[in-house]
Amino acid sequence: MKKNLNQLLTNDSASATGSFNILDLDMAFSIIDCAEALQTPAIIGIASRHFDDIRAPLLVPSILKAIESTDIPVALHLDHAAPQQFDMIKQALDLGFSSIMIDGSLLPFEENIDITQKVVEISHRYNASVEGEIGGIAGEEGVADTQRDSPEHIPYTDPIEAQQFVAATNVDALAIAVGTAHGIYHSEPHINFDVIKEISSMIDVPLVMHGATGVSDAAIQNAVTNGIRKINYFSGLLQVAMDEVRSYASQSNDFYQFKQLMKKQWHKLITEQIELYANLPVKNINRQNNV
Ligand SMILES: [Zn+2]
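Per chain, the residues get numbers from 1 upward, laid out in the order the sequence is written. Per-residue local features of the predicted model are confined to residues with pLDDT of at least 70, and side-chain atom pairs are confined, for both listing and counting, to 80 or more; whole-chain, interface and lining totals are unaffected and use all residues. Each side-chain value is derived from all of the structure's non-hydrogen atoms; neither hydrogens nor water enter the calculation.

Turning to helix α10 (residues 255–277), a few remarks are in order. Runs of E in the DSSP output that reach at least two residues are strands. Runs of H or I that reach at least four are helices, and both are numbered from the N terminus. By this rule, a helix spans an expected 1.5 Å times one less than how many residues it contains. For α10, which comprises 23 residues, the first-to-last C-alpha distance of 33 Å matches the rise-based estimate of 33 Å (1.5 Å per residue) to within 8%. Buried within α10 are the following residues: Phe 258, Met 262, Trp 266, Leu 269, Ile 270, Thr 271, Glu 272, Gln 273, Ile 274, Glu 275, Leu 276 and Tyr 277. Looking at the packing, one finds that the buried side of α10 touches β1 (17–21), α2 (25–38), α8 (217–225), β8 (228–233) and α9 (235–249). Sitting at the head of α10, Asp 254 places a side-chain oxygen 3.1 Å from the backbone nitrogen of Tyr 256. Following α10 by one or two positions, Asn 279 adopts a phi angle in the positive range, close to 60 degrees. Burial classification: accessible surface area is computed with a 1.4 Å probe over protein chains only, and a residue below 20% of its type maximum counts as buried, one above 50% as exposed, and the rest as partly exposed. Any two residues having at least one pair of non-hydrogen atoms within 4.5 Å are treated as being in contact. Contacts described as polar in this section are N or O atom pairs within 3.5 Å, which, within protein, must combine one atom able to donate a hydrogen with one able to accept it, while residues neighboring in sequence count only if both atoms come from side chains.

Phi is positive for His 80, which is not a glycine, with a value near 55 degrees. If you trace the backbone, His 80 turns up in strand β3 (residues 74–81). Exposure remark for His 80: the relative accessible area of 9% places this residue in the buried category.

Residues of helix α4 (residues 86–95) that are buried include every one of Phe 86, Met 88, Ile 89, Ala 92 and Leu 93, and no others. Taken down its axis, α4 places every buried residue within 155 degrees of arc, on the same side. Facing away from the buried side of α4 by over 90 degrees, the exposed positions are Asp 87 and Asp 94. Where α4 is buried, its residues touch β3, β4 (99–102) and α5 (109–125). Just downstream of α4 lies Gly 96, where phi reads positive at about 115 degrees. The reported arc concerns the directions from the helix axis to the C-beta atoms and nothing else.

In this fold, Thr 116 is placed in helix α5. When residues no more than four places from it in sequence are discounted, the contact partners of Thr 116 are Ile 102, Phe 165, Thr 169 and Val 171.

What follows deals with the packing of aromatic side chains. In this scheme Phe, Tyr and Trp rings, the latter by its six-membered ring, pair at centre separations within 6.5 Å, and the angle between planes marks the pair as stacked below 30 degrees, edge-to-face above 60, and tilted otherwise. In this structure the tally under the stated criterion is six aromatic pairs. Look at Phe 51 and Phe 97: their rings are 6.2 Å apart centre to centre, the planes differ by 40 degrees, and that puts the pair in the tilted class. Linking Phe 51 in the loop between β2 (42–47) and α3 (56–68) with Phe 97 in the loop between α4 and β4, this pair joins segments that are 46 residues apart in sequence. Per residue, the accessibility class of Phe 51 equals that of Phe 97, and both read buried. Ring centres 6.3 Å apart and planes at 45 degrees place the aromatic pair Phe 109 and Phe 165 in the tilted group. Residue Phe 109 is located in helix α5, and its partner Phe 165 is located in helix α6 (residues 159–169); the two are separated by 56 residues in the primary sequence. Here a set of aromatic residues connected by ring pairs shows up, and it is made of Phe 20, Tyr 233 and Tyr 277.

Put into structure tokens, the structure is as follows:
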């Protein structure tokens, strides 16, 4: 069932929904299969930086068919569209994306409000939701490389600005800077749970945390307890795939068999993450906390 973020995220319970970016249909189907098995909602993301390269206009009809054929609520989300990518946003809405993220966080505050307002106006006409961002999250979205900007150098989102931004733009979800970063961490990040708690007490829209790969289970659950309702996870999916490449390449040349093993790894990892965010009892043992 295709849903937008308004229909899928709730502030009623202390749980968050996983948003996983994809590069191909195998990744998209893995997310739907895992969500179905756990009977939880899920979000499939396509990062703006991958949109053309993975030929999103050709992939999306198949993904939407899979979404329509399941009873589980699933959103199809354009991740980190930049202010200059307004044409891509329109294309995504025409293709049937149910959710758009406009990332104007690098702009001055007033300009971020202006572009976000514009994206909200057009997206709501399509019944699609909009995630905005203020504060700026370190590292580059969609790049699994070890992140170069230290998260400590990025200021946390100012709660008063968050409140003003939501009131001015009418966004449906808000990504905030709380100490996480895109990519792979050098060391365990320090998440500011007080900022999450304060912002969630001041605004009604669900809060989003990006850069979950490498954050400890305890920190993720603490972030959820304090008000995070959507968690973006991507780099870990690339990391387990590369681990599989390395261990399998020396043993066999059977690419099909390799793909099966890789899908198994994605399945295991996505299941673990969904269980963690939803505060479900985590079934898997020997968890790799730091992937
Ligand atoms: Zn992000």
